[in-house]
Amino acid sequence: MDLIDSDIRQWDANEIKEQFGDSLMLLPSNNNIKELQTILRDNKINLNDFKFYADRLIRLVIEESLNKLPFTDCEVVTPTGALYKGLKYGSGNCGVSIVRSGEAMEQGLRDCCRSIRIGKILVESDNDTHEAHVVYAKFPEDIAKRQVLLMYPIMSTGNTVKQAVNVLRQHGVKEERIILSNLFCTPAAAQAVVDYVPKMKILTSELHPIAPNHFGQKYFGTD
Amino acid sequence: MSLKLNKFETPSSASSDSDTELALEPEQVFLDDEDYTRAPASPTTVPNVRTYRPPSTGSNIMKSPRTPRVRTASMSQSNKRTAAGSILHADRRTIYTAGRPPWYNCTGGQEVEPFLIGICGASASGKTTVAEKIVESLNIPWVTIVSMDSFYKVLTEKQHIASMHNEYNFDHPDAFDMDLLVGVLQRLREGKKVEVPIYNYVTHSRENRTKTMYGANVIIFEGILAFYNTEVLKLLDMKVFVDTDADIRLARRLRRDIVQRGRDLEGVLKQYMTYVKPSYQSYIAPCMAHADIIVPRGGENKVAISLIVQHVHKQLQLRGFKVREKLAVAHIGQPVPDSLYVLKDTPQVQGLHTFIRNKDTPRDEFIFYSKRLMRLVIEFALSLMPYSDHSVDTPQGIPYTGRKCDVEKICGVSILRAGETMEQAVCDVCKDIRIGKILIQTNQQTDEPELYYLRLPKDIKDYQVILMDATVATGAAAIMAIRVLLDHDVPETNISLVSLLMAEIGVHSIAYAFPQVKIVTSALDPEINEKFYVLPGIGNFGDRYFGTEPADDE
């Protein structure tokens, strides 16, 4: 956790690669995305706006995560009779959300992939020791054969995600077939997760030492 | 009145795009409304729909469920038109009194000078009838009638009282505001937007409202002293004098003033003898010398009208009306302009394009995947707005410096019909956004885009405008839409044109015409076919999205 004090700065792709290797990727940032992040961190925002802007950012993160899924080249004929060289998405994917805040991202995934299967993991942290342990997990039966899009918006220590990955491993999912979709991540958590599961791909929209831990409470209105 | 308002016909001249809003509810098309500016209601504008019928007429409403409201010909004269009177039906045609043709060329300048016909003649000689007969026989899109009566000067209190006693000379050249008239005609001739005053015959003053008019292919200017002013004379391409027998004129005048306007015989005769007749002799009759053609008996003179029409057609042909062809050749392997922003070509974007370009994609998938793509394009377009640093306090107690969009007011404007499909995406990302609409249709005969309908937020000049069209081929429609926005005082830098797919040609044309407009798209296609569809393209996006493809497609 000693990274926290020193690292209030914008990370660029090279620095990330140097620090965390190839598995961590940042959502290509622009002003629009920065504005969304700013709004979500603002403590004056109301529930309605928070949910609205969170959903927008989630959608963008999900769209970008889907880019990491496999695809094949293909050719189609357009209505004008011309040939178009395009891409075909691979099948055999599924989503897994980490209850509760990960569920906020389910709709974003649904909006992109209408009939995707979605599994769930409930990880509870012990209030005293901060140790996380899995309480509940339900997946599609053949999850071992699938690419898994793991959804969890906020990572401050990475403990929860580590536990979730453990469960997936127990169900036969290879770590290189997991893509973690994340909105806000602290450098410490990134380091911890990368060290723990080096082959898992991680996509986040921002690396910042302060994680907006209020996300789940605020999104579901239980703050 | 020559324009009988009976038979109803689908007005569309678009690519199998029968616009039912126009077809069904002519009255509602241009209703005045607090929040919205009125569409460009140029008086009588006639798109040609005589021969063309949409291919998919089977399901189209060819018969109106309600009887069209009876309307007189729409003119700039305030007493003859109502706000809603923007469409009327003449014989077998629907006549739009609002709209304008694409007279802007690929540089955004004016493409074709309108042909200006002046019609002069004594009061009640049948000038209006002649003008309408010409409109009817011309059978070309977009004809505007300007009446000199709109340019009467505002009367003083004293003059107003005099006029009540029939002691004000409305037939004298001094009764007209010639400077304003010349200005308006000049601007119309340049194809620019003008504000024509609405003259109130009761108070003899101008109303606060004005009538917005645009130029047209043919502008008909009629009035008793149409040829009096030399400046006006210089502007007229063709001068027609309507010469009707004095007895007939007096008879008509008596009937009109007594029966229709409820005045008394004494007063009418007094005015006629003291003003109308002397004015005719001293000012109007000498104008006959300027005329190119004199039409005896007014509107009944079919031979004369057909001669006039033939001449106008010939002149228009000489001037040429091809915007699109010009646009299509304007592109010569230039590097893509700086104002073009293409969405990053990720696997998802390519995959989405594969779905929506595939001709075998069923409609539900087409809609689903195009919506996903639209969302990405709109988000991308928003990221191109101006932003600046912004600090907020966080619940964690540590301030956070982020970004905030400088633009408070964003408004979407969709180009009907395909552009409308993007409205949902823009509403999904911008809270409480205002949406304007522009209907531009491609004339099936000329392949030229035509503007039919316009609804924009009142203060649109204060907004950043996201102009949406699903595809851009030659860019003719987009250029026209941008032109319309500029006419409503939207700064060029405030406009972003957002599209799913653009052809290079179109991008070049738009960027050349409007270098400061941001052009945002998710893909750029190199070519365009002879039907102006993009290659490899998507096909007719609107048809595929709304399911109105011609049935005999395959």
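Model, not experiment: these values are computed from the prediction.

Definitions and cut-offs
Residues numbered from 1 in each chain as written. Chains lettered and ligands numbered in written order. Predicted model: local features only at pLDDT ≥ 70, side-chain atom pairs only at ≥ 80, totals over all residues. Contact = placed C-beta atoms within 7 Å. Helix = DSSP H or I, 4+ residues; strand = E, 2+ residues; numbered from the N terminus. Nonpolar A, V, L, I, M, F, W, Y, C, P; charged D, E, K, R; others polar. Pairing = 2+ DSSP bridges. Axes fitted to C-alpha atoms, helices over the stretch in contact; angles between N-to-C directions. Buried ≥ 20, exposed ≤ 12 C-beta atoms within 10 Å, placed from the backbone. Core = buried A, V, L, I, M, F, W, Y, C linked by C-beta atoms within 7 Å. Parallel < 35°, antiparallel > 145°, perpendicular 65-115°, else oblique. Left-handed = near helix turned anticlockwise from the far one by under 90°.

Enquirer: Tell me what's going on with the interface of chain B and chain A, and back it up with residues and numbers.
Expert: With 40 residues of chain B at the interface, the matching set in chain A holds 38 residues. Secondary structure elements with two or more residues in the side of chain B that touches chain A: α11 (347-357), α12 (363-383), β12 (387-392) and β13 (400-405) of chain B. Counted by class, the side of chain B that touches chain A contains 15 nonpolar, 15 polar and 10 charged residues.

Enquirer: Describe in detail the sheet that holds strand β10 (residues 293-296) of chain B, supporting the description with residues and values.
Expert: Residue and element names in this part refer to chain B. Taken in spatial order, the five strands of this open sheet run β5-β8-β4-β9-β10, and their pairing is parallel. In this open sheet, the two strands that pair with only one neighbour each are β5 (143-147) and β10. Here the average twist between neighbouring strands, direction ignored, is 20°. The sheet contact formed by strand β9 (residues 238-243) and β10 spans four bridges and is parallel. Residue pairing across strands places V242 opposite V295, the latter belonging to β10. Across the face of the sheet, helix α3 (residues 127-138) comes into contact with β4 (115-121), β5, β8 (218-223), β9 and β10 while running at roughly 170° to β8.

Enquirer: Residue-level account of unusual backbone geometry, with values.
Expert: At the junction of A:V99 and A:R100, the peptide bond is cis and its omega measures out at 5° in the coordinates. You can see A:R100 is positioned in the loop between β4 (93-99) and α5 (106-112). Its identity as a non-glycine residue notwithstanding, B:A124 has a phi of 65°, on the positive side. For B:A124, the position within the fold is in the loop between β4 and α3. Classification of B:A124 as buried rests on a count of 21 C-beta atoms within 10 Å. The backbone phi angle of B:D432 is positive, close to 50°, even though this residue is not glycine. For B:D432, the location among the structural elements is in the loop between α13 (423-429) and β15 (434-442).

Enquirer: Requested: an account of the environment of B:G506, with residues and values cited.
Expert: Residues and elements named next belong to chain B. As for its position among the elements, G506 is in helix α15 (residues 504-513). Owing to 32 C-beta atoms within 10 Å, G506 belongs among the buried residues under this scheme. G506 sits 32 residues away from T474 along the chain, and the two C-alpha atoms are 4.1 Å apart. What G506 contacts, discounting residues up to four positions off in sequence, is V472, A473, T474, G475 and A478.

Enquirer: Summarise the environment of B:L185; cite the residues concerned and give the values.
Expert: All names here are of chain B. When you line up the elements, L185 lands in helix α5 (residues 178-189). Since 23 C-beta atoms lie within 10 Å of it, L185 is described here as buried. A C-alpha to C-alpha distance of 8.9 Å links L185 and L116, two positions 69 residues apart in sequence.

Enquirer: Explain the nonpolar core residue by residue, including any values.
Expert: In terms of nonpolar packing, the biggest core is built from 74 residues, with B:L467 and B:A481 touching the most fellow members. Here this core takes 10 residues from α12(B), the largest share from any one element. Other than its neighbours up to four places away in sequence, B:L467 contacts B:V413, B:I415, B:A481, B:I482, B:L485, B:I495, B:S496, B:L497 and B:V498. Ranked by size, the runner-up nonpolar core spans 55 residues in total, among them A:V148, A:I178, A:C185 and A:A211.

Enquirer: Before we move on, could you go through the packing of helix α3 (residues 31-41) of chain A against helix α4 (residues 47-66) of chain A and cite the residues and values that matter?
Expert: Residues and elements named next belong to chain A. For the pair α3 and α4, interaxial distance at closest approach is 9 Å and the crossing angle is 140°. As far as their axial angle goes, α4 and α3 are oblique. α3 and α4 meet at a crossing whose hand is left-handed. Contacts between α3 and α4 involve I33, L36, Q37, I39 and L40 from the first element and F50, Y53, A54, R56, L57 and L60 from the second. A class-by-class count of the residues in the contact of α3 with α4 yields nine nonpolar, one polar and one charged.

Enquirer: Explain the packing of helix α7 (residues 246-260) of chain B against helix α8 (residues 265-287) of chain B to me, using residue names and the numbers behind them.
Expert: Residues and elements named next belong to chain B. Running from N to C, α7 and α8 point in directions that differ by 135°, and their axes come no closer than 10 Å. Taken together, the axes of α7 and α8 lie oblique to each other. For the crossing formed where α7 meets α8, the hand is right-handed. Contacts between α7 and α8 pair L250, R253, L254, D257 and I258 from the former with L265, V268 and Y272 from the latter.

Enquirer: So what's going on with α15(B)? Which residues, and what values?
Expert: Counted residue by residue, α15(B) has eight buried out of 10 residues, so it is predominantly covered. Restricting attention to buried positions, one finds in α15(B) the residues B:I505, B:G506, B:V507, B:H508, B:S509, B:I510, B:A511 and B:A513.

Any functional reading would require information that these geometric values do not contain.
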